[in-house]
Structure formats: structure tokens, C-alpha cells
Amino acid sequence: MIRRPKADETEEDLLKYQEEFLAQKTESAVKLVKKGDKRKASGDESDVSPVKRDVVTLGGLPSGLPSDDVPVKKSKFKSQRTGQKVESQQTGQKMPGVGRERIHIDVDGNEDMEEAMDRQDGHITSVLSDIIERDIKNTPVYLPRTMTQGFPSVFHRGNIKDSKPVTEKKTPSLFAQHFSTSSPASFGVIGERQPMTVCTGFRDLKKTSQPESTDEAMEIEETETSEISSKIDVDHPKLITGSGLGGTGYDSCHGDSGAQEAERIHEENLSKLSALSKEEILTEQEKLKSMLDPKLIEFIKSRKHGASSKPAVDLEKAGTEGTTSSNVSVKEEEKVEGELPKHDVNLPINPEKDWVHMNVVEEEKLEWMQEVPKPKPEEKNIGVQARFDLQGRVIGRLVDVPMREGLHHHGDDPEAPGYTLEELFHLSRSSALNQRVISLQTLAKIISNYRLDDIGGSLDTPLISKLLEAGLVFILRWSLDDTSDVGIAASIEGLKALLVQPSDEECLDKVFSWFRGYEMHPLCPIQYDSEDDSEKKDPKDQHETELLEQDIVKGLLKMNFLERLRYILEVCRPAPNVVMNIFAILTRIARHSVESCHEIMKCPRLLTSIFSTFLPTTWKPTNKPLVEGIYGYPAHHAMKLVRVLCMAGRNMAAILLSKYNLMSAIVRYISQDPEDMQLHPGEAFLLSIESFHTWKICLSYGLVSDFVRELYPVLMQYVQLFPRMSVLHRPTSEDKGLKAVYDLHMVRCAAILGVLEMSVHVAAMATDLQSKQSMRSEESERTPSFAVPSIDWSHVAGFMSPIELCFQRWMTEITTTDEPLSDYALTLTSSCLNFIASFYTKVSQQPSYSAIEVLQHIEKFVDSNIAPFMKSSNFYSYVINLRTYSSYKTDESEKSPKTGCPPLPDLHCHPIDDKQHPCIQHNSPYGFMSAFMRLVCTWAKMHKGVAAKFAAIIESSYVITYLEKTLQSPRTIGETLDKHFSRFEHIVLYYIVKLYQQVAQQTESCHQYSKMYHSIALLLFTSVHPGDEHIAHDLMSTVLFNTDYMVEGRIGDPEAVELAELLKVSDQEKPKPRHQSLHGYEPNKGVLLRDSYNNLPSIRACYMTSFNDMMAAVTNSRNKFMVTPYEIESHLLTEFTGSLVPMDWTFLPLLQLFNQASKAELMGASMENLPQQYVMGITNTLRMIFMLETWRPDTINHIPMAAKITRLMCVFLTGNDMFLEDTVHYYLSALLRIYTQPHYLDKLDFHVPIPGVASFYDLFVVFLTQYGAVSFGDPVFGGFVLLPLQQRYSGEFKKAVWLEHQEIIRSIGLPVQECVVPVERFLIPQESNLETIHRYLTALASGLVKQIWSPILYLVAVHHVNGFIFDTKMNKTEQLMKSQFRMLKQVMDMKDKEVQQHLLLYKSINNDSSTGFDLYTEMPAGRQQILLSLQQNQ
């Protein structure tokens, strides 16, 4: 039996059910029968012309039309009229309405045609001639009543219980019941109506024609029909009561009422029935049953048994039955309807008599008011769908939740509390507004709790990714088009929870005042380069579904999302919390990319509405927070959105300043103290802070610098108040609001210092731009045109004096106290240090620069403030915390979980401090230390005399410990945006390395740490992010290849390294042999190190050339790092793709040269003699790799060994004889000896994914082809070929050599004693693959491999074949035994007796032997037994 389809089944499931039903060939539950037109007789159908119809054929049904033999059902009305017509013809009387029938004239008879026409005339005149006027002479006429009021009194429901029983069998309406209980007095009527008797005949006739009571009528009816009742069990009419039938025409004049008409019909029926036999009655009965509806038949039967015309209300199966007696009075029926039903169901509430619609017991609804059964326990080890409460947390199935919580519902699992995601999605599309709102709010809370890691349970799959796959974005977008405010608010809440990661903006605001803290990576998905660019689609051509799978923000922008938000803000004007959520969403969209900011800028009337409504320059005074009223008042959320838009680019900032008059709003908000802005204090401070931040961004582009001059008195007034502030003391009051205002005041001061710092950079460019303007007259087309700023150095030099006082006071407070500073105090101090560092960086470029005066100031500050601070406990605390809050630390158990998804990346910030990124946690020193190290490096660079005083930092044990721990930390290469905040630690490490470079030139004692600082520089070089290209370029230019950092080349003799390694070799071990080159023996390790050290400048040039494609990014990064206004186009960095430099950067020139050579070969160039630059590039790269593997092995240990080997294999593939160059060959041989050491070989794995290599097997096949073509048996080349043939690797590599490239076996003539790879690695464990062993035996038998030309491969083949045929330990199956005896037979049948002897008498390997292995003098007994068994089987 086929079950009913469920709601979640698709159309494909329905078609599948249809096919199953047709295959079963069973009858359907519903049978369709086409009935003929009952208005047409069978004889008349021939006159009707056929009608063309569209015929639809279905599988399993006949294609032809049904036959015409189907009996046509005749109309009862037509039959009745035909009978009346015949009767009228027989009696000669004209029946009403018969004249309209077709006239039949007997032409053949003697009937007069005129008389026939008159008799059967149906014209309107004939009909009107039969109309008889009603006699109204006996109808009473009433006089109008006297009224005492104009309108009737109002009814009250409470009067119902006093109402009289209603005579109608159908319960009347409430109004009818009220009306029946009302007296004429309630309508203002005085007295009863007095009839005026005109004719009493009608009354007498009526009185005599109607019985006085119902009982009398019943008795009369029984008397008149007693004879018929004896035959037929019918005593009175059951169906027709005559109610509603009034006398008309002629009958009414004679007083014929409806009851009498019904009685007459009943008598006529009885007379007809009495004339029929029993068989005829049954026949007619069957005809009626076939023609009538079965429900109508049941109704007639129920009336026959005494039921009322309305079916009795079935209160319960065991409830009260309806009255069945036919002679029950009307009063008894009314009593039954008026009383409450008697039942056995225990109702939760006992209904009273006058309650409306409480006389029906609905058992299905009562079931939902019973106690909920206990949920079924879920099966172990089987996951179930997560259920959530209305607060968005996971709730267990077995949790006892009260019913009043509303968590039990009509779902698939009603006994389990909570809602599944599927049920919430279903409710979100409900037609009921409350259900939609609750579902959207619950979904928003679920997402928020999941992002906060507070969902109350564990989920097997990422929640947000699953929600996006289910179409959450479409549901939220559709809900945003709701017409109700609560629906819009719920949708906005869900979108905010989905798009905005909690605490992301708070963390970005925290680091905004740090050095380069206002720069930000775009929060957009990583776009990887596709192999086939033709497959890429333009986002404009993509559908919303495709875009949402790649990028949520782009998908929303394509769905007119911004236009809808503008309409909501402009027209709907929702609640303040909804407006703030909208600003959070718009800010997140602006963080996405420059393109998203452009979409916001060009959205019609969006920014106009924001500026006019939420950034006004005048407003009514208020002290209420924004959550109580936001329209018409300035909101810092709106200013923050404008600031993020300004960060996207110079052009957008210029548009906002010119078109929307942004600077007028900023001046209005910063020219007053927050206490005097007539706003809520918290909002006033936040608005002022955001205004200063926005001004700082505009100044970084060189815009609106003239306002610095115009607002100079205001800014100077603020700066002069700074020295009065203390970074130690906070209000002692317990009022949290007062403490919060104090913290906001410090943040505001830091924002002001940021504006002043940026003003210094703008003023410093005035002289440079003036010189460019003078040059423009000569080279106008090549020199870009920039407007000279409105301020120069004289406008900002006055800020230095009060800020120096702040610096002295705050540094003194930090030095003299052991109390740690708050995060706000550290931010304020770091802003002060950054201003001073920027001032001294630019002062040397000014015409008014006085070197002596400036250097004296530097000495004064170092001696009085910096030196004491470096000895203070707070300095040691900050250095120790560098390790505590380092992003390189090993313990990452407290790291916040990743709750984002690829289409919607975020910074993974968390409100709980311990789950934040370490660099931005509470008490993190990186903001302060970056500013401090920047200032120290600036002074050390300007004043060489004070550089030696900073040796205490370089040689500090705390700093050394921090650097050592950083080097020991494992390298984690990540591509998620949570690594963004690591750049502040990179800045600190960069300045530490640069400070060492300055100090090492003045102090010899620092040279002992040069190795460690060089290792830190190498680590930092592979850690910097996109956007920090300047740091990477500066490290490569000044540190990585600097001989001052390679102390091993200066302090000790590099040739001594070889001797030191030989001394470490034990007596049992022997040094690895050296390969003989074409020109003699290769140089030792010390000679190669000396050569590499002496060629460091050439090595540097080689690597600098390989990074030439980054020069444009380096220039852009340098402008941002050095803060060069007019050269900065945007503060959005490039997309975050992990580390800027690949982890195997030292091998990068090899790959580039290989690619260039491959392209040249494809273009037809000869590979015989490559240009000398190829040889120098490869040689210098191998030199650098060799030095790092020898002197800095820890810095490149994170590179997989397989990646190192594949990069070196590219050297053999570059040209035909590149590897034969002496220097290249020397370094390849030296590196091969390093990589074949046991601890390196243990790490070598060719089965793991290798960066840049799609398949190592394909590369190995190409490598074998190259070896067979150009190797000439080179031992170094052969050593690289042998590496994948070790026994621990897959057999496909052995198959490639022994089967697909057998010709190279003879070329691998490396002796066993000279093999750099331990021979045991080719022999252990014993080969178990029968196919490989058979290849070995075939090669030995055919002479493909011989000991004289392939000693190593010959040893491998003999060892494994011998081990298989004489193995007695393995569990032998019948197949293995057959293979073993078959191979042994092949060995016994060999013609080469020497190979046969080696296979039969092989004992073990022996490196001292000429053959590489030992033989038994005579065959062991076990082997003889195996041979004897073979002979017996034969």
C-alpha cells in the first residue's frame, strides 16, 4: 500500500509513487465517472454537432472516448413537467407553467388547431391572464405605535441567561436571543398594537382550518391516514413541514396555508404509494437511491427515526444521544439544546450555561491540554537534531521544561521541548506575524550565542555554514520587506547577528590609536587564482545564489539590500535599537572592500538621510541615551560609518567632505567639551572621539589641513590641559559611570594626539611639495600635481612643548610606580610616544632644523626619562608580557573558536578577554612597546652617541628570553583574518632587530647575540602580512644578507666546521664518502661555507631580483609606514592571504629560473648553453640554502623535507647540463649529504601534499626521463633518483624504475660504499608485494640488472627475492606457497649460475665487501629442506 506523501518530499518522490502505483495495477480509491447531460434525451443527442476538444492521454488509461451506450440520467423536473402535461391533456385543465412547454399538435387527428394553440399557448399574455389578485380584505391593519425614544436601547450579553426558551430548532444568534427577550418598552413603544378588523371571515376560516395544538394535528393526521399506515409505516410527513410556505393567488383567498399544502402533498404521496406494488416501490426506491446523494439519504433516514433536522451534536462517543421520538414537543427539544452536555471527559474548566460555543467538546484539541508524554531517549552514538529554546541555547530532549515556557508545539516530535532549525525556518515563513517574529528573533539569538561560544552545547557541524546552505540569507532578506515594524526589527536583528561578529569593532577601536592601528585588511573572502580564467564570471552576471556561495556581502548588495535599508531609515523610522543595528550592518559592509564602500556612496539618498537625520549640527538639549531617542540627534554610530568610508580611499573622503559638508559636522562636535554638548555624557564622548578619528583619516590624505590652522586655539587649549592628567590615578568613587567617563576622557586625549601627529606629517610635506611644484614647470607631465598644504612646520612646532611635558610626567609616573597601567592609560602614553617619534622623524627634513639643539633634546630625554624607565619594574613587566601575550606562543588552548565561514570572514574577536587574540588582550603591552621601540630606534638613528645606552634593551635577559621562546615556537601558517592583530608583534620585533643593528655598530658586546637576532629577522621575514611589504623589503636589504649578522664567518674559520663534524663522528661510524666530480674531488664543507660567506652581496642581489615584482606594493607600503600624505590612496590593505613571503622563500629563485627556462624551451630556445645569469642565480640560491642549513637550520626546519627535495630536483630539470657546472654540482652534493642524514630522512615523506606540486609521482617520472637522457651516470643525480626508492615509500616509485624506465637501471652505477642513503633503508622491511618481487626476479634472470654496473639495485633485487623464496616466518597461504615454489623453480632453472648462487646463498649486507653482501659457504639446512620439498612436489 502506498503511503501518503509527506511535506518534505519533492516532485520526484511523487512521480516515483505514481510509477509504483501503475506497476501494481491496483484500482484507485477514487473512481471518476463521466455522467451524461441530464438535460438532454438520448434521442436528441444526434442533432448536436460534435465539438472539437483537446484530448490529453495519460499512461495506463485508454486513449479512446467512452462508448455512447451509457444511460443518460433524465431530469426529474422535466419528467415531472411531462407528467403534468399528460395529466392536463387528460383532464382538460391548464396547469400553471405548462404553457411554456413545446406545443404538440396532432395534425393527423381531428383536433382543431386553433383550440390546440389556445390550450397550449405559453405567451406572456396567457401567463398574465392567470394572475388573480390576493384578497386582503381580511388582513388586519395596524396603526403606528407611539414611541418615547429615538433609538432602541443597547443590548447587554448578561441578559441572555434570563432569556426565554427559543421555539426554533436551530439555535438563534445572540442578537436574536436578545431581541426575543426584549419587550416593546425597551424600544420606547407604549402599549400593544390594536388591529383594525376589516373582515373576520379569514380569521374564522383560519381558526377552523388549523388545529389548535400540535397534538391535535397529529391525531387528525393519524385518523386520516390510518388505512395507508396499515400498509406503509408512514403516519405523517417526515421531511416537509410546510414552514415558510405561504398562500398565494387563488389558494390564499381560500385560506390555504403552508401546513395544509404540506399535508396535501403528503396525502398525494400516500395515494400514489398505495397504488403501487411492493416490487414497484422497491424499484423506485433503488432508482432514487442511485440518483440521490448518500448523505441526503442518511439525512432522510435520520428524520424517519425521529432525529431533528439539524444533526445532533456528538459531544462524545459516550455522550448524550439525540431525541429519537417523533412526537417530542418543541419545549423538550429546546431544553435539550439549552442544557450543557453530559460527558465522561474531564474538562480542565467546567463550562457554565451562558458561555458561548462551550456546548461542543473537541477531543482533538483537548488532547493538547493533557500532560505531555516523556520524550523517547535518543540512541547512543547517534546524533539527533539540536533543539533550541527561545533564548537561542541548546536544550536537551530529556530536560523537564514547564509547559508555560512555550517550548512544546505541534511538530514532528511534540513531546520534546524546543525548536529545531528546520522548524524555525518553517515558522519564519508563517502567515502569522508573531510566529515570524519569534522565529527570526530565535535564529538571531542562536547565531549570536554561537559566535560567543555560549550556545549551551556542542554541535557536530559548523552552524553558520549550515544555516547559509539552508538559505538563511534569503529568509532574512524576504523578511526585511515586511510591512510591520516588529517584522522589520526582527529581520534586522537576524542580519546583524549573521554579518557582525561581536567585539570585532570594539577591538578595532581599541587599536586605532596604536601605530598603524587604523589600517585594516578588507573583510572579504580570499579569492584564489583559478587555473582557467575563462571560467570566471563577472559578479554582475552571476545569480544571487552563486554570489552568496562565494561572498555573502556581494550577494546582499545584488539583492537591493542598501536601497531597502535606506527606505527603512528614511520612511519607516524604526526604533533606536533597530537604527543602531542598521549602522552596525552598514559598517560591516563598508569593511568588506572598496567596492562595497562605493556601493554605499552611490546608493540614492542613503548618506543624505544619514547626514540630515543622524549627524545634525543643531539639536534639542537632552540627557537621554540614544536608545530612548536617536532621530534628530548626532549618533557616533553614524560618524563611525563615515570614518570607515573615509578609510576606503582618498576620493571617497573628498566626496564626503565636499558633497556632504562633513567637516562642518566634525567641527561642531569637537569644538566643545563633551560635557557642554547637551547630550548624554557617554554619547557626547564617543561622538567627539569618532569625530577626531575621522579628521585624522582625512588628514592622512592631506585633506582639510586648513582646519588645523583655523582650530589652532582649540587644539592648543586641549593640549595645554594634558599635563594636568595622570595615567595612574582613577576616580576613587564607586560610581561606575564616573570611571567610564574618565576612561573615555583618556581615549579622547589619545584621539586628539593622533590628529596632531597626522598634522605633523602633513606640515612636513609642505617643503617637499613646494619643491615639486617648482619642478613641475619643467616636467609638468611627469610630476603629479598636488596642492600645497595650508599648514607648514611653523603651525605644528608649537605643539611639541606641552606634549614634551606630558611625556616627561607620564614616563616618570610609569617609572616610579609598580602599579600596572590600565589599557586606556597605555593607549594615551603610546599616542604621546608616537607623536614625539613622528616629530623627530620629520624635523630633520625641515629647513629650520638645528642639529645641535635637537641632539641635545634627545640626550636630555634619554638620560632623564628613557634610561630610568629601562631599569624600572614596569619595563621588565612589559618585556615579560611580550612573551605572555605573544602570537607565537605554543599554548593556544584558550584561543577563541573559529565561528566564521569562508563566504563571511571575520576577525574572530570575543567579548571574553581570555579568548581574544593574545596581542589585544587586557594588559597586552604591544601598543605601548611598539611606540616605545619606534621612538628609541628613531633617536638611535639620529644620535649615534645615545645608541650605546640602549644596549640594555638588546642585552636584557628578559628580551633574550622572549626572543629565544619565539624561535622555539612552532610555525603556524594561517590564512584566517584572526592573524591580523599579529602585525603589532611584527612591528615590535622589527624595531628590536633594527635597534640591534644600530647598537651593534657602537657596542661589541652585542655581537654574541647576532645569531639570535639574525634568526629573529629570518622568522619575521616569513611572518609579515600583506601590507607590510616595506618591512620585508627592509629586512632583505639591510639584515638578512648582512655580514654583521653572520658572525660565524668572522669569528671562526669556516673550514673548522668540517673538522668539528669529523670529531663528532664515533669510532663505529664513518663519514659519508664524497662524490668525484668531473674535475677531481669536490671541496669540503668549510670551503663551501667560506665561498658562500664571501658572496653574500651577490646572493643579496639575486634574491632582491627575484622579488622585483613586489616593488609597487613595497612603495605603497613604505608610504603608509613612513606616513607620507598625498601618496596614500587608501588605508585598506590588500586581501589577507596569510604570510606575505612563502615559507620556502629561500628556494624561490630556483623555481623562477626553472619556469623561465621551461618557457624559453617552449619558445624553441636551446637548453644546451643557458645564459650565465641562470648559472649565477642557481649557484647563489644554493649557497644561501647551504649556509642556512649549516648555520641557521632552525629557521628553515618548518619547510617540509619533500618540498626541499622537489625544489632541488628542479635544478636538474633546468637545462640539460646545468647540474654539471662545478659550483652547482658541489652545492647539490653537499646538500644531498645534509638531507640524507638520519633525522632528515625520517622527516622525508613523499606522500604528503607538497606546496606547488600537484603530483610528486608525475614529477618523479619526468625526473627519471631527464636522468636517462642527460645524467651520464652522475652520482649526485643518481642519489636523488634513489631517494623515493626507499622501502618505506609506495611501490609506484619502484614500478616507475623497474618497469616503465628499465633503461636507467644500468646508469645507476653508484657503488654500495658510496651511497649517501643508508643501504638498510632499501632493504628493510622485507618486500611483500608479489608483483614487485617478480619484477626483481625477472630483471635478475634476464640480465637487466647486474652487480657490475648496478651494485645497489642488484643488492636490492637479490635481498628481496632471497627473503621471499626462503621465508619461513610469514603466514603462507596456498597462493603464496605456489608463488614461492614457482619463483624457486625459476631460480633453479637459471642459466647464470653466479646469480643463482647469490640468490641461494645470500646471507646479509656488508658494506666492506666488494659485492656489498656476504654469502653462505654452504646452503643452510632450512633452505635445503625447502629445495627438497620443491623436488618432491615436482
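Residues numbered from 1 in each chain as written. Predicted model: local features only at pLDDT ≥ 70, side-chain atom pairs only at ≥ 80, totals over all residues. Heavy atoms only, no water.

1. Side note on the overall build of the chain
Which entries qualify depends on this criterion: The secondary structure listing takes helices from DSSP runs of H or I that are at least 4 residues long and strands from runs of E that are at least 2 residues long, numbered from the N terminus. Exposed residues in this analysis have more than 50% of their type's maximum accessible area, buried residues have under 20%, and partly exposed residues fall in between, with area computed by a 1.4 Å probe over protein chains only. Contacts: residue pairs with any heavy atoms within 4.5 Å of one another.
The helix and strand inventory of the chain stands at 63 helices and eight strands. The buried share of the chain, reckoned over its 1434 residues, is 45%. Nonlocal contacts in the chain, meaning residues at least 24 apart in sequence, comprise 75% of its contacts between residues at least 6 apart.

2. Some details on helix H49 (residues 1111–1121)
Buried within H49 are the following residues: Val1114, Ser1117, Asn1119, Lys1120 and Phe1121. Taken together, the buried residues of H49 touch helix H42 (983–1000) and helix H44 (1029–1038). Val1123 sits one or two residues past H49 and shows a positive phi near 55°.

3. Examining the nonpolar core
So the rule is basically this: The nonpolar core is taken to be a set of buried Ala, Val, Leu, Ile, Met, Phe, Trp, Tyr and Cys residues, with the residues joined through side-chain atoms within 4.5 Å.
Trp695 and Phe932 are the most contacted members of the largest nonpolar core, which totals 357 residues. Of the residues forming this core, the biggest block, 15 residues, is contributed by helix H33 (residues 736–776). Once residues within four sequence positions are removed from consideration, Phe932 is found in contact with Leu833, Ile866, Phe869, Met870, Phe875 and Ile953.

4. Side note on the packing of helix H35 (residues 800–816) against helix H37 (residues 851–870)
Note the threshold: Only the stretch in contact is used when fitting a helix axis, every axis being a line fitted to C-alpha atoms; angles between N-to-C directions are given from 0 to 180 degrees. Roughly parallel means an angle under 35 degrees; roughly antiparallel, over 145; roughly perpendicular, 65 to 115; everything else is oblique. Each crossing is labelled by how the near helix is turned from the far one, with a counterclockwise turn of less than a right angle marking it left-handed and a clockwise turn marking it right-handed.
Relative to each other, H35 and H37 sit at 20°, their axes nearing to 8 Å. As judged from the angle between their axes, H35 and H37 are roughly parallel. The two elements H35 and H37 meet at a crossing, and its hand is left-handed. Of the residues in H37, those in contact with Glu804, Phe807, Gln808, Met811, Thr812, Ile814 and Thr815 of H35 are His857, Lys860, Phe861, Asn865, Ile866, Pro868 and Phe869.

5. Observations regarding helix H62 (residues 1393–1401)
Operational definition: Any N or O atom pair separated by 3.5 Å or less is treated as a polar contact, with the protein-specific requirement of one donor-capable and one acceptor-capable atom, and with residues adjacent in sequence counted only for side-chain atom pairs.
Taken together, the buried positions of H62 are occupied by Val1395, Gln1396, His1398, Leu1399, Leu1400 and Leu1401. On its buried side, H62 packs onto helix H59 (1330–1342), helix H60 (1351–1365), helix H61 (1374–1388), strand S7 (1402–1405), strand S8 (1413–1415) and helix H63 (1421–1433). For H62, the N-terminal capping position is held by Asp1392, with its side-chain oxygen 3.2 Å away from the main-chain nitrogen of Glu1394.

6. Observations concerning the environment of Pro402
Following the sequence through the fold, Pro402 ends up in the loop between helix H14 (363–367) and helix H15 (421–427). For Pro402 and Pro417, which are 15 residues apart along the polypeptide, the C-alpha to C-alpha distance reads 9.2 Å.

7. Observations concerning a nonpolar patch on the surface
The condition that has to hold: Each patch is built from salt-bridge-free residues with over 30% relative accessible area, joining like charges within 9 Å and nonpolar side chains (Val, Leu, Ile, Met, Phe, Trp, Tyr) within 5 Å. Methods summary: accessible areas were calculated by the Shrake-Rupley approach with a probe of 1.4 Å, and residue burial reflects only the protein chains presented. The working definition used for a salt bridge is a side-chain nitrogen of Lys or Arg within 4 Å of a carboxyl oxygen of Asp or Glu.
Taken together, the side chains of Ile349, Trp355 and Met358 present a nonpolar region at the surface, about 290 Å² in accessible area. One can find Met358 in the loop between helix H13 (330–338) and H14.

8. Observations regarding the packing of helix H16 (residues 433–451) against helix H19 (residues 485–499)
The condition is simple: Each residue is assigned to one class: nonpolar for Ala, Val, Leu, Ile, Met, Phe, Trp, Tyr, Cys and Pro, charged for Asp, Glu, Lys and Arg, and polar for all the others, Gly among them.
Their axes nearest at 8 Å, the elements H16 and H19 cross at an angle of 20°. Classed by the angle they form, the pair H16 and H19 counts as roughly parallel. Once H16 is placed against H19, the crossing between them reads as left-handed. Here Leu433, Val437, Leu440, Gln441, Ala444, Ile447, Ser448 and Arg451 of H16 lie close against H19, whose contacting residues are Val486, Gly487, Ala490, Ser491, Glu493, Gly494, Ala497 and Leu498. Of the residues contributing to the contact of H16 with H19, the split by class is nine nonpolar, five polar and two charged.

9. Side note on the pattern of salt bridges
The full count for this structure, using the stated rule, is 36 salt bridges. Across the pair Glu570 and Arg605 runs a salt bridge whose closest N-O atoms are separated by 3.2 Å. Placement of the pair is Glu570 in helix H23 (residues 561–572) and Arg605 in the loop between helix H25 (594–602) and helix H26 (606–614), with a sequence separation of 35 residues. When its relative accessible area of 30% is taken as the criterion, Glu570 is described as partly exposed.

10. Quick look at the packing of aromatic side chains
We apply this condition: Only Phe, Tyr and Trp rings take part, Trp by its six-membered ring, and two of them pair if their centres are within 6.5 Å. Stacked means planes under 30 degrees apart, edge-to-face means over 60, and tilted covers everything else. Over a ring means this: the NZ of a Lys or the CZ of an Arg is within 6 Å of the ring centre and within 35 degrees of the ring normal.
Summed over the entire model, instances satisfying the criterion amount to 54 aromatic pairs. Seen from their ring centres, Tyr1103 and Trp1145 are 5.6 Å apart, and the 70° between their planes marks the pair as edge-to-face. Here Trp1145 lies in the loop between H49 and helix H50 (1148–1162) and Tyr1103 lies in helix H48 (residues 1096–1106), a separation of 42 residues in the sequence. Side by side, Tyr1103 and Trp1145 carry an identical accessibility label, which is buried. Each residue in the set Trp793, Phe807, Phe835, Phe839, Tyr840, Phe861 and Trp939 is aromatic and connected to the rest through ring pairs, giving one cluster. Seen from the ring of Phe1366, Arg1423 lies directly overhead, with NZ or CZ sitting 4.9 Å from the centre.

11. Focus on unusual backbone geometry
A cis geometry characterises the amide bond from Ile1324 onward to Pro1325, with omega recorded as 0°. The backbone of Arg516 sits at a positive phi, close to 60°, despite the residue not being glycine. For Arg516, the location among the structural elements is in the loop between helix H20 (504–510) and helix H21 (544–550). Judged by its relative accessible area of 2%, Arg516 is buried.

12. Topic: the side chain of Ser831
With respect to the helices, strands and loops of the structure, Ser831 is situated in helix H36 (residues 823–843). For Ser831, a relative accessible area of 3% translates into the label buried. Within the local environment of Ser831, its side chain forms a polar contact with the backbone oxygen of Thr827, the two atoms lying 2.9 Å apart. Once residues within four sequence positions are removed from consideration, Ser831 is found in contact with Ser513, Ala750 and Leu753.

13. As for the confidence of the model for the chain
Which entries qualify depends on this criterion: pLDDT expresses how confident the predictor is about each individual residue, on a scale running from 0 to 100.
On average, residues of the chain score 81 in pLDDT, and 76% of them reach the 70 mark or higher. Within the chain, helix H27 (residues 636–647) carries the highest mean pLDDT (97), whereas helix H6 (residues 201–209) carries the lowest (39). Here residues 94–101 is a poorly scored stretch, pLDDT under 50, and it has 17 contacts once near neighbours within four places are set aside; other chains count. Low pLDDT (under 50) marks residues 247–255, which in the prediction has 15 contacts with non-local residues, meaning those over four places away or in another chain.

14. Observations concerning the environment of Phe1041
Within the element layout of this structure, Phe1041 appears in the loop between H44 and helix H45 (1048–1051). Counting along the chain gives 62 residues from Phe1041 to Tyr1103, while the straight-line C-alpha distance between them is 9.7 Å. Sequence-distant contacts of Phe1041, that is, excluding residues within four places in its chain, are made with Met1036, Leu1096, Ile1099, Arg1100, Tyr1103, Trp1145 and Met1184.

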